[in-house]
Amino acid sequence: MYTSTRATTPQSLSFEEVVMTGLAPDGGLYLPSSIPKIPIADWSSLSFQDLAFQIMRLYIPSSEIPDSHLSSLISKSYASFKSDEITPLYNVNENLYLLELFHGPTYAFKDVALQFVGNLFEYFLQRKKSNPITVVGATSGDTGSAAIYGLRAKKDVKVFILYPTGRISPIQELQMSTVPDENVHALSVNGTFDDCQDIVKAIFADKSFASYNVAAVNSINWARILAQITYYFYAFYRVKGTVRFVVPSGNFGDILAGYFAYRMGLPIDKLIIATNENDILDRFLKSGVYAKGSSVKSTHSPAMDILVSSNFERLLWYLAEGSDSERGGTVCSYMDSLKREGSFSVPNSVLSQAREIFDSSSVTNDATIATIKKFYASHKYVIDPHTAVGVNTALRFLENHPATYISLSTAHPAKFSEPVNKALASFPEYSFDKIIPDDLKRLSSLKKRVTYVDASLEAVENAIKHLY
Ligand SMILES: *Cc1c(COP(=O)(O)O)cnc(C)c1O
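Rules and cut-offs
- Residues numbered from 1 in each chain as written.
- Predicted model: local features only at pLDDT ≥ 70, side-chain atom pairs only at ≥ 80, totals over all residues.
- Heavy atoms only, no water.
- Helix = DSSP H or I, 4+ residues; strand = E, 2+ residues; numbered from the N terminus.
- Rg over C-alpha atoms; globule rule 2.2 N^0.38 Å.
- Buried < 20%, exposed > 50% of the residue type's maximum accessible area, 1.4 Å probe, protein only.
- Contact = heavy atoms within 4.5 Å.
- Areas by Shrake-Rupley, 256 points an atom, 1.4 Å probe, with all protein chains shown as cover.
- Lys, Arg positive; Asp, Glu negative; His and termini not counted.
- Charge placed at Lys NZ, Arg CZ, Asp CG, Glu CD.
- UniProt positions renumbered as here; feature names shortened; annotations may be inferred.
- Pairing = 2+ DSSP bridges.
- Axes fitted to C-alpha atoms, helices over the stretch in contact; angles between N-to-C directions.
- Near = heavy atom within 4 Å.
- Polar contact = N/O pair within 3.5 Å; in protein donor to acceptor, adjacent residues only side chain to side chain.
- Nonpolar A, V, L, I, M, F, W, Y, C, P; charged D, E, K, R; others polar.
- Phe/Tyr/Trp six-rings, centres within 6.5 Å; stacked < 30°, edge-to-face > 60°.
- Lys NZ or Arg CZ within 6 Å of the ring centre and 35° of its normal.

Visitor: Could you give an account of the overall build of the protein, with specific residues and numbers?
Guide: The helix and strand tally for the protein stands at 19 helices and 15 strands. At 21 Å, the protein has a C-alpha radius of gyration in line with the 23 Å of a compact globule built from 468 residues. Expressed as lengths along the three principal axes of its C-alpha atoms, the size of the protein is roughly 60 × 60 × 50 Å. Residue burial in the protein is summarised as follows: out of 468 residues, 57% are buried. A separation threshold of at least 6 residues defines the contact pool for the protein, and within that pool the share at least 24 residues apart is 76%. Counting only carbon and sulfur atoms, one obtains 50% of the accessible surface of the protein, whose full area is about 18500 Å². The averaged location of the 47 negative side-chain charges in the protein is 1 Å from the averaged location of its 44 positive side-chain charges.

This is the structure we're talking about:
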């Protein structure tokens, strides 16, 4: 059923293998070689959970997870959400909606996928009665907290998340360090995010550490993409007619789920990529050249601060021509050139195929702040800086092309208080205290459990051994 984006001979891997290994041994990403078409009309009245079931059922054979197990995994995963609708739509006006994806336990869209992935890991591990796994990850913020909340208290899973001391937002740090569950450990590393990432890579490569069964929950796990397809369908059924989705993008995971929805038959007119100043995707769509910049810019929307978009490789596979193996060969040559020269370009036929469904725009830091301010002035609704990148793009597209736009709202504004407070400082009635949810407010009174470590492989491995 599944293959790697870099496979040059036919492959047929199970869903379980794909989820538990994450990255393919050839360095590629896993994907289903064919995308199922669906009966659009039949699903219009389903709840979020029932839609998730119908969609996931098409990608997970019942021989691997029987119906009753799949539906209980889904209901368990979304029981932690604060909205009955899971991902409700906020109607701004007749042309614009916000799809609120931040009602999960860590207030970021990553919960939609990681709550499910945590349950899936536990399900497969318990069934196989295999040895416990040790999830090790580096985070600059959102992924780490969502992974911790997805994996807390899960049987047979230990979690160690590394983050750079003093370089993530205070709320993100509190989220990671106040979880009381014994299987979860926040490691505050005396270094940068790159140091954290290098140490994680070194742990994965260290043979003497293999007995810990090290595993990853990074943005390329197929199950994350799968779980995100649901909300495109859910939103579509709640508005009339053809829609355009605007997606604040970094690693291209969120919008890739929209591409799957489109290929499954959902009548999406355009998927619009909204980037911050780290604009590799926008530059690609305008030129056909995918070129890595020299360094990551640090912006008001840090969860989208990337040099390359890891999930983009999956789209390239679907856009490539020929048999599965020929596509694999094409992707290998693109990735080779990216590694050696820092860029690659695609033929016009590939670019025009991409442009049929995708469009794009990039948004500066100043425009992000201005959009938070303007949106609050007009609608008395506070958006976070990631969401603002999407809203800025949606408003500009709307001027030239009236249609129904659904802009994805990827985080709660209280998570990124600094730029939000800056944008709204001139409104006398605004105060941060009014927007911060009670459970986030309470975090600062909880007991903190953090281990401070030096930025070296030895120090981090010793900490893991000690805490294990
Ligand atoms: C991760 C994240 C994004 C970017 O999503 P990708 O799947 O990496 O494109 C956008 N907004 C927020 C708040 C995020 O946490």
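Resuming the write-up.
Visitor: Run through unusual backbone geometry, naming residues and quoting values.
Guide: Even without being a glycine, Asp 156 presents a positive backbone phi close to 65°. Mapped onto the fold, Asp 156 is located in the loop between helix 5 (142–151) and strand 6 (157–164). Look at Asp 156 and you get partly exposed, because its relative accessible area is 25%. Here Phe 252, not a glycine, exhibits a phi torsion of approximately 70°, which is positive. With respect to the secondary-structure elements, Phe 252 resides in the loop between strand 9 (243–248) and helix 9 (253–263).

Visitor: How would you sum up the environment of Leu 338? Please name residues and give values.
Guide: The residue Leu 338 is located in helix 12 (residues 324–341) in this model. Given the relative accessible area of 12%, Leu 338 is considered buried. Expressed as a C-alpha distance, the spacing of Leu 338 and Leu 114, which sit 224 residues apart in the sequence, is 29 Å. In contact with Leu 338, not counting residues within four places along its chain, are Tyr 290, Val 308, Ser 343 and Phe 344.

Visitor: Now, about the UniProt feature "domain: Tryptophan synthase beta chain-like PALP" (unreviewed entry) in the protein: what can you tell me, with residues and values included?
Guide: Taking the numbering used here, the UniProt-annotated feature "domain: Tryptophan synthase beta chain-like PALP" (unreviewed entry) corresponds to residues 87–396. The span residues 87–396 carries 47% helix and 19% strand; its end-to-end C-alpha distance comes to 24 Å.

Visitor: Pulling in residues and values, what's your account of the sheet that holds strand 14 (residues 404–409)?
Guide: Strands pair in a sheet through their backbones, by hydrogen bonds, and they do so in one of two ways: parallel or antiparallel. A sheet is described by the order of its strands in space; here six strands give the open sequence 3-4-14-9-10-13, paired in mixed fashion. Each having just a single partner strand, strand 3 (89–93) and strand 13 (358–362) make up the two edges of the open sheet. Neighbour to neighbour, the strand axes of the sheet diverge by 25° on average, direction disregarded. For strand 3 and strand 4 (residues 96–100), the ladder comprises four bridges, and the chain directions are antiparallel. What sits directly across from Asn 91, in strand 4, is Tyr 97. Against the sheet, helix 15 (residues 385–400) engages strand 4, strand 9, strand 10 (268–275), strand 13 and strand 14, with an angle of about 170° to strand 14.

Visitor: Lay out the site of the ligand in plain terms, naming residues and giving numbers.
Guide: Taken together, 15 residues are adjacent to the ligand, and Lys 110, Asp 142, Gly 250, Asn 251 and Thr 410 come closest. Here Asp 254 contributes a backbone N or O atom positioned 2.9 Å from an oxygen atom of the ligand. Look at the ligand: alone it shows 390 Å² of surface, and the protein chains cover 96% of it. Grouping the amino acids of the shell around the ligand by side-chain chemistry returns six nonpolar, six polar and three charged.

Visitor: Could you give me a rundown of the packing of helix 10 (residues 280–287) against helix 13 (residues 348–357), with the residues and numbers involved?
Guide: Put simply, helix 10 and helix 13 touch, their axes get as near as 9 Å, and they point 115° apart. Contacts between helix 10 and helix 13 involve Phe 284, Leu 285, Lys 286 and Ser 287 from the first element and Leu 351, Ala 354 and Arg 355 from the second. In the contact of helix 10 with helix 13, the residues fall into four nonpolar, one polar and two charged.

Visitor: How would you explain the packing of aromatic side chains if you had to name every residue and give the values?
Guide: All told, the structure shown has 32 aromatic pairs when counted by the stated rule. Between Phe 284 and Tyr 290 the ring centres are 6.2 Å apart and the planes differ by 75°, which places this aromatic pair in the edge-to-face class. With respect to class, Phe 284 is no different from Tyr 290; both count as buried. Sitting over the face of the ring of Tyr 107, Lys 82 holds its NZ or CZ atom 4.2 Å from the ring centroid. Above the ring of Tyr 468, the side-chain terminus of Lys 158 is found at 4.6 Å from the ring centroid.

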